[in-house]
Amino acid sequence: MLKGGPDRESVLAQVRAELASIRARRHAGVIEIDESTRLSELGLTSLDLAEAISSLESVFDVDPFAEAVAITSITDVRSLCDAYLSCLSPSGDTGDDLDRELRAIRAQRGNTEQP
Amino acid sequence: MTLGGDLAIIGLACRFPGADDAEAFWANLCAGRESITWLTDDELAAAGVTDEMRSRPTYVKAAYTISDIDRFDARFFGISEDEARMMDPQQRILLELTYAALEHAGQVVTAQRRPTGVFATAGGVTTSYLYHHAARLARGPHGTGSLAQIGNDKDFLATRLAFKLNLTGIATSVQTACSSSLVALHLGRTALLVGDIDMAIVAASCIRVPQRVGYDSAENPILSPDGHCRAFADDAKGTTFGSGAAVLVLKRRADAVRDRDHVHALIKSTAATNDGGAKIGFTASSVPGQAKAMAHAITSAGVSATDLGYVECHGTGTRIGDPLELKALERVYRLETDATGICGIGSVKTNLGHLEQAAGLASLIKVTLMLKHRMLVPSLHCARGNTAFNFAQSPFTVVQSTAPWPSTDGRDRMAGVNSLGIGGTNGFAVLAEVPIEQREDRAGGLEVPGPHLVCLSAKSSDRLRAYAGRMAAFVDDQSDFRVDDFCYTVNLSRSHHRVRCAGVVRDRDDLVGLLRAASQSTSPEPPSAKPAVYVCNPSSSAAVETVDLFRAHPRCDAFRNRFDEVHAWWDHVDPTRPSAAGDVRRTLAFELALLDQLAAWGVRFVNVTGVGLGAVVSQLVGKSVGDQGHADAIAAIDRAVALVADETAGDAGVPQGTASAVYRVLPASSVTGGDVNVAGHMTLERPGAPVSPIGLLGFLTEWLISGRELEWTGYYSTAPARIIPLPTYPFSRDRYWLDE
């Protein structure tokens, strides 16, 4: 389990290591994994990803996908790191882009045309 | 920018597991019935499931099936045996259901006269008729334009409907996997609101071939290990796929009100989004994508999320998918309220399984029926909610039982329908009940007094018997029933075929008697109708009372106008002339007006002849009073002093063998005694019964039974009644299948 304060580089390192480990067990070749790498590029099944998340939960002792984050919104290594960081050091700022988008949609009600 | 504007659901039809029609579907929903079929080993073996497959511990011997997918009334739609056998059952069943939905809406005829769009979706390729019979079909022609292609490719689903039902708006197939129905609805709604079409057919047909087979739940983690779909439940383990088909008929609400249509529910809005790439994988769902679809829909409807008392969810019963769907919907609610337990939710997949492309229409029809009946019905198998979603702190509660749907502060009941598709296209619709004042407006109004003319028809004697029987049972079962509405709906809105029963009915008992007799009739099918010649041979002057009867009758506008016009013109005639006599003037005006009224009702003659005064009438038919013909008539009438028909000339001008005669008065020499009947001929007036608007109904009955047509729009141009939902055509169940 990771001790000490949250650190983006260390979270990234753990995530990269876990994903590389699973690829190795699947006898997939070595590839460069960085924050911009999309999960779909890694050639892992949904079960593999579930296994990775389970391992990372043990490492970080947090499960961001229980309540806070929708697993389906994770598209790349960066968003996976962000999910753990949001639990390890919640900033109090929901920064919730979705809420902002939904409010903008709802604000269109004055522009609805009635033929 | 969003388009606002309500639509009216004016007709619907469906075939779902356990329900061949909407009435059976509603009964199942109220009973909390799960329409699952458990399959025996013998059935599975017959369907080609191997012993090895059946014996797997993960093999589920269950399916959600509909009846008779190999049966079709090909003759009704003018489709040959070969073509019917090659045709995907999804196309065939959708033809029958769309026709039934148009009958239910009272729009079979009207849909052909205005631009009517078709937005249709079919089930997947890998569970299709084509896929199952690929080897067989590939041995024959299967290229572009072949029966194999046209009968099975998705391109032809909507266009087949448009061709066979003569619908001239846009006809297009819509495919977005499990959200296809909602997207088809969204496109149909958009086309209505921009004015491209005046009516929309939204149709879905997902029929799996083979149907009566189970599945191995180990093949896909989304599959239920026991056949049950436990949407929202903590023990949800997956879904089961099934077959079903359904159709909605839609109009702009203002048009439905103008046309006095029966409205089942309103569609306030629809919206569709795609998740885009911001998700874990192509087949994953997306909270933002779903939430935005709902937000767009309620914005377009001009309502708040809290106005929705119920949401019919996609609810597939997967442990991860259900909470994500609820979280997405909750995001929209939480923009405006922290309230808990304010919205019921459910999933019809717990009753029917997952009908894939037809799933959205199953949800829409469930909600339509709930709004129509103002009842909530239970979502099954959810004793304990999924603990991955905090129900207690959410706006949602799973509906557990059938109960009246309470209105919030007296406002109209509203509901949402959510639909998601693999590939990321999401749909959301907002529906509402018909407002109480619109229901009351339509319910009001006096019943049009009888007697009433009614004509029911079918393609064959056998189908007419079944149709009449179906109608008789329906009429007998109704507590709140108006004969005028029934006759109006059947006459005006149903297609007219060659084999008919027709009659004049005064009340419900008369009507049931007529229908029951027709349901047991063994009369031979009629020959084709010959052209009709009218012989105008009035035997006496038109009585003042008779003229007054016609002028006062609500269906005789044309008579009144023509009589007044001709009679008034007579003021110019020298009063000393024999033709100026009051009875002559009245009779000539009467006979011309009578013919005009028959023409307004669509009674058309290939020729009009006459004797005596009738000969003068025949020369003036269709001519305006200003025409020289009228001036010439005065001299002719002066000469023809005898106004009584010449008996021996009763058949003057009637070609033998090629036409039927319609006599103004039955020639005396042809009376056979007892019932007046001249074989192959008809008469407007019978001995002892002077012609009258009521008496003409008997003539119109004979006219219809002989296979001729009336212009029902003209007949009902005054004193219309209301279109009401009635039983639909009983298609025959002939078998067409590519057998091994």
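On a predicted model such as this, the values are computed, not experimentally measured, just so you know.

A few points about the overall build of chain A
Stage number 1. When you go through chain A residue by residue, the secondary structure sums to four helices and zero strands.
Stage number 2. Going from N to C terminus, chain A has its helices and strands arranged as α-α-α-α.
Stage number 3. When the 115 residues of chain A are sorted by exposure, 35% land in the buried category.
Stage number 4. Long-range contacts, defined as pairs at least 24 residues apart, comprise 63% of the intrachain contacts of chain A with a sequence gap of at least 6.
Stage number 5. Carbon and sulfur atoms make up 50% of the accessible area of chain A, which amounts to about 6,600 Å² in all.

Things to note about the sheet that holds strand S17 (residues 414–420) of chain B
Residue and element names in this part refer to chain B.
Stage number 1. Taking strand neighbours across the sheet as the criterion, the eleven strands line up as S7-S6-S8-S10-S1-S11-S18-S17-S12-S13-S15 in an open arrangement whose pairing is mixed. This sheet does not close on itself; its edge strands, each paired only once, are strand S7 (171–173) and strand S15 (396–398). Here the average twist between neighbouring strands, direction ignored, is 25°.
Stage number 2. Across three bridges, strand S1 (residues 7–15) lies against strand S11 (residues 265–274) in antiparallel orientation.

With respect to the interface of chain A and chain B
Stage number 1. At the junction of the two partners, chain A supplies 25 residues and chain B supplies 32 residues.
Stage number 2. Carbon and sulfur atoms make up 57% of the area that chain A and chain B hide from each other, which totals about 2,400 Å².
Stage number 3. Taken together, the links from chain A to chain B amount to three salt bridges.
Stage number 4. For the pair chain A and chain B, the number of links is six residue pairs in polar contact (both at pLDDT 80 or more).

Focus: the packing of helix H4 (residues 97–106) of chain A against helix H13 (residues 287–301) of chain B
Stage number 1. The interhelical angle for the contact between H4 of chain A and H13 of chain B, taken along N-to-C directions, is 20°, at an axis separation of 9 Å. Relative to H13 of chain B, H4 of chain A is oriented roughly parallel. Helix-helix and strand crossings are classified by hand; for H4 of chain A and H13 of chain B the assignment is right-handed. Counted together, Leu-98, Glu-101, Leu-102, Ile-105 and Arg-106 of chain A of H4 of chain A and Val-287, Pro-288, Ala-291, Lys-292, Ala-295, His-296, Ile-298 and Thr-299 of chain B of H13 of chain B form the full contact between these two elements.
Stage number 2. Class assignment for the residues of the contact of H4 of chain A with H13 of chain B results in eight nonpolar, two polar and three charged.

Considerations on the confidence of the model for chain B
All names here are of chain B.
Stage number 1. In the predicted model, chain B carries a mean pLDDT of 90, and the fraction of residues at 70 or more is 93%.
Stage number 2. Scored below 50 in pLDDT, residues 671–678 shows seven contacts in the model against residues more than four places distant or in partner chains.
Stage number 3. The ipTM assigned to the predicted complex is 0.77, against a pTM of 0.87.

Overview of the environment of Pro-404 of chain B
Residue and element names in this part refer to chain B.
Stage number 1. Along the chain, Pro-404 turns up in strand S16 (residues 403–404).
Stage number 2. The exposure class assigned to Pro-404 is exposed, which follows from its relative accessible area of 61%.
Stage number 3. Not counting the four nearest positions on each side in its chain, Pro-404 is found in contact with Arg-374 and Met-375.

Some details on the pairing of strand S6 (residues 116–122) of chain B
Residues and elements named next belong to chain B.
Stage number 1. Within S6, seven of the seven residues are buried, which leaves the element mostly enclosed by the surrounding structure.
Stage number 2. Alternating residues of S6 divide into Thr-116, Val-118, Ala-120 and Ala-122 and Gly-117, Phe-119 and Thr-121, and every residue in both groups is buried.
Stage number 3. Summarising the sheet, S6 and strand S8 (residues 199–206) pair through seven bridges and their orientation is parallel. The residue of S8 that forms the bridge with Phe-119 is Val-202.
Stage number 4. Where S6 and S7 come together, three bridges link them in parallel fashion. Looking at S7, one finds that Ala-120 is bridged to Ser-173.

Thoughts on the nonpolar core
All names here are of chain B.
Stage number 1. With 168 residues, the main nonpolar core has Phe-486, Phe-605 and Phe-699 as its most contacted residues.
Stage number 2. Per-element accounting of this core gives the leading share, nine residues, to helix H5 (residues 89–105).
Stage number 3. The residues touching Phe-486, leaving out its near neighbours within four places in the chain, are Val-454, Met-471, Val-475, Phe-481, Leu-511, Leu-515, Ile-724 and Leu-726.
Stage number 4. Ile-9, Val-348, Leu-369 and Met-370 belong to the second largest nonpolar core, which has 50 residues in total.

A look at the side chain of Arg-562 of chain B
All names here are of chain B.
Stage number 1. Inspection of the secondary structure puts Arg-562 in helix H22 (residues 557–569).
Stage number 2. Look at Arg-562 and you get buried, because its relative accessible area is 6%.
Stage number 3. Here the side chain of Arg-562 touches Glu-565 through a polar contact of 2.9 Å, side chain to side chain.

A word on the pattern of salt bridges
Residues and elements named next belong to chain B.
Stage number 1. As enumerated under the stated definition, the model contains 56 salt bridges over all chains in all.
Stage number 2. Of the charged contacts, one joins Glu-96 and Arg-733 as a salt bridge, the two residues approaching to 3.2 Å between their closest N and O atoms. Linking Glu-96 in helix H5 with Arg-733 in the loop between helix H27 (712–715) and strand S25 (734–735), this pair joins segments that are 637 residues apart in sequence.

Quick word on the packing of aromatic side chains
All names here are of chain B.
Stage number 1. As enumerated under the stated definition, the model contains 32 aromatic pairs over all chains in all.
Stage number 2. Seen in terms of ring centroids, Tyr-333 and Phe-396 are 5.3 Å apart; in terms of plane orientation they differ by 85°. Their pairing is edge-to-face. Residue Tyr-333 is found in helix H14 (residues 321–333), and its partner Phe-396 is found in strand S15; the two are separated by 63 residues along the sequence.
Stage number 3. Residue Phe-396 is classed as buried on the basis of its relative accessible area, which comes to 1%.
Stage number 4. Ring plane angle 70° and centroid distance 5.3 Å describe the contact between Tyr-467 and Tyr-729, whose orientation is recorded as edge-to-face. In this pair, Tyr-467 is assigned in helix H18 (residues 461–477) and Tyr-729 in the loop between H27 and S25, connecting sequence segments 262 residues apart.

Concerning helix H10 (residues 156–165) of chain B
Stage number 1. Among the residues of H10 of chain B, those classed as buried are Leu-157, Ala-158, Arg-160, Leu-161, Ala-162 and Leu-165 of chain B.
Stage number 2. Looking at the residues trailing H10 of chain B, positive phi occurs at Asn-166 of chain B, about 60°.

Concerning the packing of helix H21 (residues 544–552) of chain B against helix H23 (residues 582–600) of chain B
All names here are of chain B.
Stage number 1. Two elements in contact, H21 and H23, have axes separated by 11 Å at closest approach and are oriented at 35°. Taken as a pair, H21 and H23 cross one another with a handedness that is left-handed. Mapping the contact onto sequence places Val-544, Thr-546, Val-547 and Phe-550 in H21 and Arg-586, Phe-590 and Leu-594 in H23.
Stage number 2. Taken together, the residues that form the contact of H21 with H23 break down as five nonpolar, one polar and one charged.

So, H18 of chain B
Stage number 1. Spanning 17 residues, H18 of chain B covers 24 Å between terminal C-alpha atoms, matching the ideal 24 Å at 1.5 Å per step.
Stage number 2. The secondary structure elements touched by the buried residues of H18 of chain B are H5, strand S19 (452–458), helix H19 (483–493), strand S20 (499–505) and helix H20 (508–520) of chain B.

Conventions adopted
- Residues numbered from 1 in each chain as written.
- Chains lettered and ligands numbered in written order.
- Predicted model: local features only at pLDDT ≥ 70, side-chain atom pairs only at ≥ 80, totals over all residues.
- Heavy atoms only, no water.
- Helix = DSSP H or I, 4+ residues; strand = E, 2+ residues; numbered from the N terminus.
- Buried < 20%, exposed > 50% of the residue type's maximum accessible area, 1.4 Å probe, protein only.
- Contact = heavy atoms within 4.5 Å.
- Areas by Shrake-Rupley, 256 points an atom, 1.4 Å probe, with all protein chains shown as cover.
- Pairing = 2+ DSSP bridges.
- Axes fitted to C-alpha atoms, helices over the stretch in contact; angles between N-to-C directions.
- Buried area = accessible area lost by both parts, 1.4 Å probe.
- Salt bridge = Lys/Arg side-chain N within 4 Å of Asp/Glu carboxyl O.
- Polar contact = N/O pair within 3.5 Å; in protein donor to acceptor, adjacent residues only side chain to side chain.
- Parallel < 35°, antiparallel > 145°, perpendicular 65-115°, else oblique.
- Left-handed = near helix turned anticlockwise from the far one by under 90°.
- Nonpolar A, V, L, I, M, F, W, Y, C, P; charged D, E, K, R; others polar.
- pLDDT = per-residue confidence, 0-100.
- Core = buried A, V, L, I, M, F, W, Y, C linked by side-chain atoms within 4.5 Å.
- Phe/Tyr/Trp six-rings, centres within 6.5 Å; stacked < 30°, edge-to-face > 60°.
- Expected span 1.5 Å × (residues − 1).

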